Amino acid sequence: TWTYTTAELLDAESRLLAAGRDTSGPVVSYGTVARVCEQPLPGRSYAMGADQAVAVEQIATSGRVCDLLVGPAGTGKSTALAGLLGAWEAEHGSGSVKGLAPSAAAAANLGGELNIATENTAKWLAEVDREASRLGEVARLRAYASQLPAQASVAIFLRAAELETELRRWQLKPGELLVVDEASLAGTFAMDRLAAQARGSGAKILLIGDWAQLGAVGAGGAFSMLVDDRETPPELSEARRFTEAWERLASAELRTGSPGAVDAYLGHGRVAGGDRDEMLAACY
């Protein structure tokens with residue numbers, strides 16, 4: 001069997017691996033992490049579980065420019081992220097965490113859960129591509145306005161200020177954390193560009209996903225590659241979505257492709273059968 005790739009893709013993977021091994025990024029002190037992990041989370045009446053607290057500590061204190069959180073479905077990813085947000089903002093200030101997701105709906109959901117600014121990943125990268133042209137336009141407007149009488153230049157200076165505000169919206173500042181949800185769906189080139197932006201800005205990027213779920217539509221696989229490159233990647237292990245013990249086990253078995261999961265769902269009446277029309281009607 002032949003496997004094909006390109007030099008460009010191999011280079012992008014190498015840069016991502018380097019960013020994952022680079023520990024010169026921003027951190028949160030152990031004391032701050034411990035304080036947040038021991039208290040009920042903001043807006044919640046409970047604290048994090050042990051696996052969530054360990055994952056938050058790993059991420060917040062690692063210094064890795066490109067970090068990971070393996071979060072299988074139902075393991076309390078939102079709670080862990082809320083803890084990470086609390087620790088990060090305690091040290092780096094309010095608004096120091098931004099979020100991205102592969103779709104507008106997913107981005108809105110992430111923003112609603114954490115109350116942070118979020119955006120669609122493709123939109124973010126498209127706006128980053130416009131940075132050079134916006135900088136040029138700001139310089140042109142300011143140069144033109146400086147040649148005009150004060151009263152005539154006001155509107156032009158205001159337009160330049162608007163462009164600068166828009167520029168800052170798509171930039172990262174030193175100490176900021178960029179959370180990328182559903183990162184297993186992100187293409188390698190997109191992740192490479194985001195990691196490069198974080199690295200060049202003195203920020204940190206956190207890729208959240210699950211290697212066992214759907215992969216990227218484009219050239220992908222980098223999330224699994226980064227997980228494999230870590231001896232003990234931050235990972236949530238306790239299934240919290242289910243109240244039945246059998247369903248917790250079946251969910252874990254289904255994720256790893258174990259046939260035992262099928263038997264469990266069949267045995268508990270969770271599998272429906274019929275022809276196409278009957279199944280479509282049942283779905284609706």
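The structure presented is a predicted model; accordingly, all values stated were derived computationally and were not measured.

1. Re the packing of aromatic side chains
Now for step 1: Counted according to the given criterion, the structure contains 2 aromatic pairs.
Now for step 2: Aromatic pair Trp 124 and Trp 170: ring centres 5.7 Å apart, planes at 75°, arrangement edge-to-face. Here the residue Trp 124 occupies a position in helix H6 (residues 121-129), and Trp 170 occupies one in the loop between helix H8 (150-169) and strand E4 (177-180), the gap between them amounting to 46 residues.
Now for step 3: On the accessibility criterion, Trp 124 (3% relative accessible area) is buried.
Now for step 4: Centroid distance Trp 246 to Tyr 265: 5.8 Å. Interplanar angle 75°. Geometry classified as edge-to-face. Separated by 19 residues along the polypeptide, Trp 246 in helix H11 (residues 245-255) and Tyr 265 in helix H12 (residues 260-267) bring together distant segments of the chain. Comparing Trp 246 with Tyr 265, the two get one shared label, buried.

2. Description of the pattern of salt bridges
Now for step 1: Following the criterion strictly, the structure yields 19 salt bridges and no others.
Now for step 2: One salt bridge in this structure joins Arg 21 and Asp 229, with 2.7 Å as the shortest N-O distance. Pair noted here: Arg 21 is in helix H1 (residues 7-21) and Asp 229 is in the loop between helix H10 (222-228) and H11, with a separation of 208 residues, a long-range link.
Now for step 3: For the salt bridge of Glu 127 with Lys 123, the shortest nitrogen-to-oxygen distance reads 2.7 Å. Here the residue Glu 127 and the residue Lys 123 both occupy positions in helix H6, the gap between them amounting to 4 residues, near one helical turn.
Now for step 4: The class of Glu 127 is buried, set by a relative accessible area of 6%.

3. Quick look at the sheet that holds strand E1 (residues 66-70)
Picture the strands of a sheet paired through backbone hydrogen bonds; they go either parallel or antiparallel.
Now for step 1: What the 5 strands build is an open sheet, ordered E1-E5-E4-E2-E3; its pairing is parallel. The open sheet has two free edges, formed respectively by E1 and strand E3 (118-120), since each of these has just one partner strand. Here the average twist between neighbouring strands, direction ignored, is 25°.
Now for step 2: With 5 bridges joining them, E1 and strand E5 (residues 204-209) adopt parallel strand pairing. Counted as the bridge partner of Val 70 is Gly 209 from E5.
Now for step 3: Set on the sheet, helix H5 (residues 104-114) makes contact with strand E2 (97-101), E3 and E4; between it and E3 the angle comes to about 170°.

4. Regarding helix H2 (residues 30-38)
Now for step 1: Every buried residue belonging to H2 is among Thr 32, Val 33, Val 36 and Cys 37, and all of these are buried. Projection of H2 onto a plane perpendicular to its axis shows the buried side chains occupying an angular sector of 125°, all on one side. Of the residues in H2, the exposed ones pointing more than 90 degrees away from the buried face are Tyr 30 and Glu 38.

5. Describing the nonpolar core
Now for step 1: In terms of nonpolar packing, the biggest core is built from 28 residues, with Leu 69, Leu 81, Leu 84 and Leu 206 touching the most fellow members.
Now for step 2: Within the residue set of this core, elements represented by two or more residues are H2, helix H3 (50-62), helix H4 (77-92), H5, E4 and E5.
Now for step 3: At 7 residues, the largest contribution of residues to this core is made by H4.
Now for step 4: Not counting the four nearest positions on each side in its chain, Leu 84 is found in contact with Val 56, Ile 59, Ala 60, Leu 177 and Leu 206.

6. Section: H6
Now for step 1: Taken as a whole, H6 has its buried residues at Thr 121, Trp 124, Leu 125 and Glu 127. Buried positions in H6, seen along its axis, are confined to an arc of 160° and lie on one side of it. Exposed residues pointing more than 90 degrees away from the buried face of H6 are listed as Ala 122 and Asp 129.
Now for step 2: Elements that come into contact with the buried residues of H6 comprise E2, E3, helix H7 (131-145), H8 and helix H9 (188-201).

7. Concerning the pairing of E1
Now for step 1: Of all 5 residues making up E1, 5 are buried, and the element is well covered by its neighbours.
Now for step 2: Both faces of E1 are covered, namely the face carrying Cys 66, Leu 68 and Val 70 and the face carrying Asp 67 and Leu 69.

8. Topic: the side chain of Gln 197
Now for step 1: Of note, Gln 197 is situated in helix H9.
Now for step 2: Looking at Gln 197, its side chain comes within polar contact range of the main-chain oxygen of Trp 170, at 3.0 Å.

9. Notes on the confidence of the model for the protein chain
Now for step 1: Counting all residues, the mean pLDDT for the protein chain is 89, and 97% of those residues have values of 70 or more.
Now for step 2: When pLDDT is averaged over each element of the protein chain, E4 comes out on top at 96 and H11 at the bottom at 80.

Basis of the calculations
Throughout this document, residue positions are counted from 1 along each chain, in the order its sequence is written. Selection of residues for local features in this predicted model requires a pLDDT of at least 70, selection of side-chain atom pairs for listing and counting requires 80 or more, and totals for whole chains, interfaces and linings are taken over all residues. Values shown for side chains rest on all heavy atoms present in the structure; no hydrogens or waters enter the calculation. Two rings belonging to Phe, Tyr or Trp (six-membered ring only in the last case) form a pair when the distance between their centres is within 6.5 Å. Interplanar angles under 30 degrees mark stacking, angles over 60 mark edge-to-face geometry, and anything in between is tilted. Secondary structure elements are defined from DSSP: runs of H or I of at least 4 residues count as helices, runs of E of at least 2 residues count as strands, and each element is numbered from the N terminus. Three exposure classes are used, based on accessible area relative to the maximum for each residue type with a 1.4 Å probe and protein chains only: buried under 20%, partly exposed in between, and exposed over 50%. Salt bridges are identified by distance alone: a Lys or Arg side-chain nitrogen within 4 Å of an Asp or Glu carboxyl oxygen. Being paired, for any two strands, means DSSP has found at least two bridges between them. For every element, the axis is a line fit to its C-alpha atoms; helices are fit only across the contacting stretch, and the angle between N-to-C directions ranges from 0 to 180 degrees. Two residues qualify as a contact provided that any one of their heavy atoms is within 4.5 Å of a heavy atom in the partner residue. Think of the arc as the fan of directions from the helix axis to the C-beta atoms. The term nonpolar core refers to a set of buried residues drawn from Ala, Val, Leu, Ile, Met, Phe, Trp, Tyr and Cys, joined through side-chain atoms within 4.5 Å. In the analysis that follows, any N or O atom pair within 3.5 Å is treated as a polar contact, provided that within protein one partner can donate a hydrogen and the other can accept it, and provided that, for residues neighboring in sequence, both atoms belong to side chains. Note: pLDDT gives the predictor's confidence per residue, expressed from 0 to 100.

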